[in-house]
Amino acid sequence: NNWSELTEFFADVIGVTAEYDALMEDYQERIDTFNELKNPVYDGMSLVYVQDAAGTNYVGLPGLPLWETILDAGFVPVDTLPTTPEESLEEFGTLIVELSEEQLSLLNADVIILVNGNINRDDHDTATTIIEGYLSDPLWATLEAVENDRLFAKAVYWQSNGLVSVHAVIDDLFADFVDDD
């Protein structure tokens, strides 16, 4: 269910466990460094990530591979979503659920990561434009994360589960949640 178990499985299959162990050590060192440097205001904050797909919003529920990294980084899942991971798997067979406009208030998280396929890594202009669109939406504007300037637009690697994607996510965590001191 998480990216490290999937990666370990494939490393075992192809016989590169020593390389996997080195990569995992590097991952753990980066996570430890992030947690040491992270602005303490973010400790224990709730986080949700939402995929924007042609104007429809989908929520990534805990249990998706990336949640391992989010939890390692000290964030917690929001507990106000319309379904639990178990219910979603049973009913829909997935951990990604559509969120109607009426359900937006359930995104009562301290931090919202908005994943959008139109953003490339380090494409700050497109990310800013997308965030501005959400800030001007009256329903989104009432959310705590939006009111507190904690809505971040990111590229689709936030939905992937390989080591390259995980390290790109960690790069984003450093950029957004560590002060520039």
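Structure's up top.
Summary of the structure given here.

## Points about a nonpolar patch on the surface
On the surface, a nonpolar cluster with roughly 530 Å² of combined accessible area is contributed by Leu-6, Phe-9, Phe-10, Val-13 and Ile-14. Here Val-13 lies in helix 1 (residues 3-14). Judged by relative accessible area, Val-13 falls into the exposed class, the value being 54%.

## Structural notes on the layout of surface pockets
Counted as a void, the second largest pocket has a volume near 170 Å³. In terms of lining, the second largest pocket is formed by Gly-55, Thr-56, Asn-57, Glu-98, Leu-99, Ser-100, Glu-101, Leu-104, Gly-133, Tyr-134, Asp-137 and Trp-140. Mapped by element, the contributors of at least two residues to the lining of the second largest pocket are strand 2 (56-60), strand 4 (96-99) and helix 5 (124-135). Its residues assigned to classes, the lining of the second largest pocket comprises 4 nonpolar, 5 polar and 3 charged.

## Here's the deal with the pattern of salt bridges
Any two side chains of opposite charge can pair, given that their charged atoms come close. All told, the structure shown has 4 salt bridges when counted by the stated rule. Salt-bridge contacts for Arg-30 lead to Asp-171; the nearest nitrogen and oxygen are separated by 2.5 Å. Taken together, the residues Arg-30 in helix 2 (residues 17-37) and Asp-171 in helix 8 (residues 163-177) connect sequence positions 141 residues apart. Under the relative-accessibility criterion, Asp-171 is labelled partly exposed at 29%. In this structure, the salt-bridge partner of Asp-176 is Lys-154, at a minimum N-O distance of 2.7 Å. Residue Asp-176 is found in helix 8, and its partner Lys-154 is found in strand 6 (residues 151-154); the two are separated by 22 residues along the sequence. Under the relative-accessibility criterion, Asp-176 is labelled partly exposed at 22%. Residue classification places Lys-154 among the buried residues on the basis of a relative accessible area of 10%.

## Here we look at the packing of aromatic side chains
This model, assessed by the stated rule, comprises 6 aromatic pairs. Their ring planes at 75° and their centres at 5.6 Å tell us that Phe-34 and Phe-174 sit as a pair that is edge-to-face. One end of the pair, Phe-34, is in helix 2; the other, Phe-174, is in helix 8, and 140 residues separate them in sequence. Phe-34 gets classed as buried once you look at its relative accessible area, which sits at 0%. The exposure class of Phe-174 is partly exposed, given its relative accessible area of 21%.

## Digging into helix 1
Given a rise of 1.5 Å per residue, 12 residues ought to cover 16 Å, and the 17 Å separating the end C-alpha atoms of helix 1 matches this to within 8%. All buried positions along helix 1 are accounted for by Trp-3, Ser-4, Thr-7 and Ala-11. Around the axis of helix 1, the buried residues are gathered within 90° of arc, so they sit on the same side. Lining the buried residues of helix 1 we find helix 2, helix 3 (67-72) and helix 8. Note on helix 1: the residue one or two positions beyond its end, Gly-15, has a positive phi of about 75°.

## Looking at a negative patch on the surface
Residues Glu-5, Glu-8, Asp-12, Glu-19, Asp-21, Glu-25, Asp-26, Glu-29, Asp-32, Glu-36 and Asp-72 make up a contiguous surface patch of negative charge. Breaking the negative patch down by element, the ones donating at least two residues are helix 1 and helix 2. Counting residues per element, the negative patch draws most heavily on helix 2, at 7 residues. Here Glu-8 shows up in helix 1.

Reading guide: rules and limits
- Residues numbered from 1 in each chain as written.
- Predicted model: local features only at pLDDT ≥ 70, side-chain atom pairs only at ≥ 80, totals over all residues.
- Heavy atoms only, no water.
- Patch = residues over 30% accessible without salt bridge, like charges linked within 9 Å, V, L, I, M, F, W, Y side chains within 5 Å.
- Areas by Shrake-Rupley, 256 points an atom, 1.4 Å probe, with all protein chains shown as cover.
- Salt bridge = Lys/Arg side-chain N within 4 Å of Asp/Glu carboxyl O.
- Helix = DSSP H or I, 4+ residues; strand = E, 2+ residues; numbered from the N terminus.
- Buried < 20%, exposed > 50% of the residue type's maximum accessible area, 1.4 Å probe, protein only.
- 1 Å grid on protein atoms, 1.4 Å probe; cavity = no way out; pocket = protein on both sides within 12 Å on 5 of 7 lines; lining within 4 Å.
- Points joined across faces, edges and corners; volume = space filled by probe spheres on them.
- Nonpolar A, V, L, I, M, F, W, Y, C, P; charged D, E, K, R; others polar.
- Phe/Tyr/Trp six-rings, centres within 6.5 Å; stacked < 30°, edge-to-face > 60°.
- Expected span 1.5 Å × (residues − 1).
- Arc of directions from axis to C-beta.
- Contact = heavy atoms within 4.5 Å.
- Lys, Arg positive; Asp, Glu negative; His and termini not counted.
- Charge placed at Lys NZ, Arg CZ, Asp CG, Glu CD.

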